[in-house]
Amino acid sequence: MIGFVLCSFLLAVLVQNQNEFLPFLTTPVALGVGLTVMAISLLAGYLRKVPTVIWHDGFASSCLLIWYAYWVPQFNDDAPMFFFFPLYYALLTSIVTLTLINKSPYFDQESIEHLRYLEKNSHFNISTIVVFVLVSLLITRHYALYPIAMTFFIVRHAMTACLETIDS
(Lines give C-alpha, C1' and ligand atoms only; values in the text may rest on other atoms or scores of the structure.)
Protein backbone atom coordinates (compact mmCIF):
# COMPACT_ATOMS: atom_id res chain seq x y z
CA MET A 1 0.00 0.00 0.00
CA ILE A 2 2.70 2.41 -1.04
CA GLY A 3 0.12 4.86 -2.43
CA PHE A 4 -1.64 5.03 0.94
CA VAL A 5 1.66 5.59 2.76
CA LEU A 6 2.61 8.39 0.37
CA CYS A 7 -0.85 10.01 0.54
CA SER A 8 -0.84 9.85 4.33
CA PHE A 9 2.64 11.29 4.63
CA LEU A 10 1.84 14.01 2.07
CA LEU A 11 -1.33 14.99 3.92
CA ALA A 12 0.55 15.17 7.22
CA VAL A 13 3.20 17.43 5.66
CA LEU A 14 0.60 19.67 4.00
CA VAL A 15 -1.34 20.05 7.25
CA GLN A 16 1.76 20.69 9.33
CA ASN A 17 2.94 23.44 6.96
CA GLN A 18 -0.61 24.81 6.40
CA ASN A 19 -0.02 24.67 2.65
CA GLU A 20 -2.23 26.78 0.37
CA PHE A 21 -3.29 23.55 -1.42
CA LEU A 22 -5.29 22.37 1.63
CA PRO A 23 -8.50 24.33 0.82
CA PHE A 24 -8.73 22.39 -2.47
CA LEU A 25 -8.87 19.15 -0.48
CA THR A 26 -12.04 20.32 1.28
CA THR A 27 -14.02 21.12 -1.86
CA PRO A 28 -16.96 19.03 -3.08
CA VAL A 29 -14.83 18.07 -6.09
CA ALA A 30 -12.22 16.46 -3.83
CA LEU A 31 -14.97 14.65 -1.96
CA GLY A 32 -16.43 13.46 -5.27
CA VAL A 33 -13.05 12.24 -6.49
CA GLY A 34 -12.56 10.34 -3.24
CA LEU A 35 -16.00 8.74 -3.47
CA THR A 36 -15.42 7.79 -7.12
CA VAL A 37 -12.04 6.20 -6.43
CA MET A 38 -13.52 4.40 -3.44
CA ALA A 39 -16.40 3.01 -5.49
CA ILE A 40 -14.08 1.90 -8.30
CA SER A 41 -11.71 0.26 -5.82
CA LEU A 42 -14.50 -1.60 -4.05
CA LEU A 43 -16.06 -2.72 -7.32
CA ALA A 44 -12.71 -3.87 -8.72
CA GLY A 45 -12.00 -5.76 -5.51
CA TYR A 46 -15.45 -7.36 -5.45
CA LEU A 47 -15.17 -8.44 -9.09
CA ARG A 48 -11.55 -9.52 -8.55
CA LYS A 49 -10.39 -7.49 -11.54
CA VAL A 50 -7.27 -6.13 -9.83
CA PRO A 51 -4.89 -7.61 -7.26
CA THR A 52 -5.90 -7.24 -3.64
CA VAL A 53 -2.99 -4.93 -2.86
CA ILE A 54 -4.12 -2.44 -5.51
CA TRP A 55 -7.76 -2.21 -4.51
CA HIS A 56 -6.82 -2.03 -0.83
CA ASP A 57 -4.46 0.84 -1.68
CA GLY A 58 -7.12 2.66 -3.69
CA PHE A 59 -9.74 2.18 -0.99
CA ALA A 60 -7.48 3.34 1.86
CA SER A 61 -6.19 6.37 -0.08
CA SER A 62 -9.68 7.44 -1.13
CA CYS A 63 -10.92 7.05 2.46
CA LEU A 64 -8.14 9.37 3.58
CA LEU A 65 -9.22 12.00 1.05
CA ILE A 66 -12.89 11.62 2.01
CA TRP A 67 -12.04 11.75 5.71
CA TYR A 68 -10.13 15.01 5.30
CA ALA A 69 -12.67 16.63 2.96
CA TYR A 70 -15.65 15.65 5.11
CA TRP A 71 -14.17 16.24 8.56
CA VAL A 72 -12.15 19.47 8.22
CA PRO A 73 -15.22 21.75 7.93
CA GLN A 74 -16.53 20.31 11.21
CA PHE A 75 -13.31 20.87 13.18
CA ASN A 76 -10.71 23.59 13.56
CA ASP A 77 -8.24 23.90 10.70
CA ASP A 78 -5.36 23.37 13.08
CA ALA A 79 -6.80 20.29 14.83
CA PRO A 80 -3.83 18.02 15.61
CA MET A 81 -5.68 14.91 14.43
CA PHE A 82 -5.27 16.02 10.81
CA PHE A 83 -1.50 15.81 11.25
CA PHE A 84 -1.09 12.91 13.67
CA PHE A 85 -3.60 10.42 12.23
CA PRO A 86 -2.13 10.45 8.68
CA LEU A 87 1.36 10.20 10.14
CA TYR A 88 0.19 7.26 12.26
CA TYR A 89 -1.27 5.54 9.17
CA ALA A 90 1.95 6.02 7.21
CA LEU A 91 4.11 4.67 10.02
CA LEU A 92 1.82 1.74 10.83
CA THR A 93 1.51 0.66 7.20
CA SER A 94 5.26 0.99 6.65
CA ILE A 95 6.11 -1.01 9.76
CA VAL A 96 3.58 -3.74 8.96
CA THR A 97 4.85 -3.97 5.39
CA LEU A 98 8.51 -4.15 6.39
CA THR A 99 8.14 -6.49 9.36
CA LEU A 100 5.32 -8.80 8.28
CA ILE A 101 4.54 -8.73 4.58
CA ASN A 102 8.15 -8.70 3.41
CA LYS A 103 9.05 -11.49 5.88
CA SER A 104 6.05 -13.71 5.11
CA PRO A 105 7.97 -16.17 2.88
CA TYR A 106 9.97 -17.12 5.99
CA PHE A 107 6.96 -17.92 8.22
CA ASP A 108 6.91 -21.41 9.75
CA GLN A 109 4.05 -23.82 9.04
CA GLU A 110 2.35 -23.30 12.41
CA SER A 111 2.28 -19.51 11.92
CA ILE A 112 0.82 -19.96 8.45
CA GLU A 113 -1.92 -22.23 9.81
CA HIS A 114 -2.81 -19.66 12.50
CA LEU A 115 -2.86 -16.91 9.88
CA ARG A 116 -5.19 -18.97 7.68
CA TYR A 117 -7.47 -19.59 10.68
CA LEU A 118 -7.65 -15.86 11.41
CA GLU A 119 -8.43 -15.15 7.78
CA LYS A 120 -11.35 -17.58 7.83
CA ASN A 121 -12.73 -16.10 11.07
CA SER A 122 -15.93 -14.27 10.18
CA HIS A 123 -15.35 -11.56 12.80
CA PHE A 124 -12.21 -10.45 10.97
CA ASN A 125 -13.73 -10.50 7.49
CA ILE A 126 -12.58 -7.80 5.03
CA SER A 127 -16.20 -6.96 4.12
CA THR A 128 -17.04 -6.28 7.77
CA ILE A 129 -13.98 -4.10 8.16
CA VAL A 130 -14.76 -2.13 4.98
CA VAL A 131 -18.28 -1.44 6.29
CA PHE A 132 -16.78 -0.42 9.65
CA VAL A 133 -14.45 2.04 7.88
CA LEU A 134 -17.32 3.48 5.83
CA VAL A 135 -19.54 3.93 8.88
CA SER A 136 -16.68 5.48 10.86
CA LEU A 137 -16.23 8.09 8.13
CA LEU A 138 -19.77 9.31 8.73
CA ILE A 139 -19.57 9.50 12.52
CA THR A 140 -17.67 12.70 13.24
CA ARG A 141 -18.61 12.93 16.91
CA HIS A 142 -16.27 10.05 17.76
CA TYR A 143 -13.04 11.24 16.19
CA ALA A 144 -11.07 8.12 17.23
CA LEU A 145 -13.44 5.70 15.50
CA TYR A 146 -12.00 6.21 11.99
CA PRO A 147 -8.38 5.62 13.07
CA ILE A 148 -9.45 2.44 14.87
CA ALA A 149 -11.29 1.23 11.77
CA MET A 150 -8.31 2.01 9.54
CA THR A 151 -6.02 0.18 11.95
CA PHE A 152 -8.20 -2.92 11.57
CA PHE A 153 -8.13 -2.45 7.80
CA ILE A 154 -4.33 -2.18 7.75
CA VAL A 155 -3.95 -5.29 9.92
CA ARG A 156 -6.39 -7.22 7.72
CA HIS A 157 -4.53 -6.03 4.63
CA ALA A 158 -1.29 -7.34 6.14
CA MET A 159 -2.86 -10.76 6.75
CA THR A 160 -4.18 -10.95 3.19
CA ALA A 161 -0.91 -9.79 1.66
CA CYS A 162 1.09 -12.28 3.74
CA LEU A 163 -1.11 -15.18 2.64
CA GLU A 164 -0.98 -14.10 -1.01
CA THR A 165 2.82 -13.95 -0.80
CA ILE A 166 2.98 -17.38 0.85
CA ASP A 167 0.61 -18.92 -1.72
CA SER A 168 2.51 -17.55 -4.71
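**Observations regarding the packing of aromatic side chains**
And then number 1: Scanning all chains against the criterion turns up 14 aromatic pairs.
And then number 2: With a centroid separation of 5.1 Å and an interplanar angle of 50°, the aromatic rings of Phe 59 and Phe 153 are classed as tilted. Here Phe 153 lies in helix 7 (residues 145–167) and Phe 59 lies in helix 3 (residues 52–71), a separation of 94 residues in the sequence.
And then number 3: Take Phe 153: its relative accessible area is 0%, and that puts it in the buried class.

**Considering unusual backbone geometry**
Both trends apply: most residues other than glycine have a negative phi, and most peptide bonds are in trans.
And then number 1: The backbone phi angle of Gln 18 is positive, close to 50°, even though this residue is not glycine.
And then number 2: When you line up the elements, Gln 18 lands in the loop between helix 1 (2–17) and helix 2 (28–46).
And then number 3: Even without being glycine, Arg 48 reaches a positive phi, approximately 60°.
And then number 4: With respect to the secondary-structure elements, Arg 48 resides in the loop between helix 2 and helix 3.
And then number 5: Arg 48 sits in the exposed class, given a relative accessible area of 74%.

**What about the packing of helix 6 (residues 126–138) against helix 7?**
And then number 1: Packing of helix 6 against helix 7 leaves a shortest axis separation of 8 Å and a crossing angle of 155°. Between helix 6 and helix 7, the angle is such that the two are roughly antiparallel. Viewed along their axes, helix 6 and helix 7 form a crossing whose handedness is left-handed. From helix 6, Ile 126, Ile 129, Val 130, Phe 132, Val 133, Ser 136 and Leu 137 reach across to helix 7, where they touch Leu 145, Tyr 146, Ile 148, Ala 149, Met 150, Phe 152, Phe 153 and Arg 156.
And then number 2: Residue classes in the contact of helix 6 with helix 7 are distributed as 13 nonpolar, 1 polar and 1 charged.

**Some thoughts on the pattern of salt bridges**
And then number 1: Going through the model one piece at a time under the given rule, you end up with 1 salt bridge.
And then number 2: Ionic pairing is found between Asp 167 and Arg 116, a salt bridge with its closest N-O pair at 2.6 Å. One end of the pair, Asp 167, is in helix 7; the other, Arg 116, is in helix 5 (residues 109–120), and 51 residues separate them in sequence.
And then number 3: Relative accessible area serves as the criterion here: at 52%, Asp 167 is assigned to the exposed category.

**Observations regarding the environment of Tyr 143**
And then number 1: Mapped onto the elements of the fold, Tyr 143 is located in the loop between helix 6 and helix 7.
And then number 2: The class for Tyr 143 is partly exposed, based on a relative accessible area of 47%.
And then number 3: Separated by 19 residues in sequence, Tyr 143 and Phe 124 place their C-alpha atoms 22 Å apart.
And then number 4: Residues in contact with Tyr 143, not counting those within four places in the same chain, are Trp 71, Phe 75, Met 81 and Phe 85.

Conventions used here
- Residues numbered from 1 in each chain as written.
- Predicted model: local features only at pLDDT ≥ 70, side-chain atom pairs only at ≥ 80, totals over all residues.
- Heavy atoms only, no water.
- Phe/Tyr/Trp six-rings, centres within 6.5 Å; stacked < 30°, edge-to-face > 60°.
- Helix = DSSP H or I, 4+ residues; strand = E, 2+ residues; numbered from the N terminus.
- Buried < 20%, exposed > 50% of the residue type's maximum accessible area, 1.4 Å probe, protein only.
- Axes fitted to C-alpha atoms, helices over the stretch in contact; angles between N-to-C directions.
- Parallel < 35°, antiparallel > 145°, perpendicular 65-115°, else oblique.
- Left-handed = near helix turned anticlockwise from the far one by under 90°.
- Contact = heavy atoms within 4.5 Å.
- Nonpolar A, V, L, I, M, F, W, Y, C, P; charged D, E, K, R; others polar.
- Salt bridge = Lys/Arg side-chain N within 4 Å of Asp/Glu carboxyl O.

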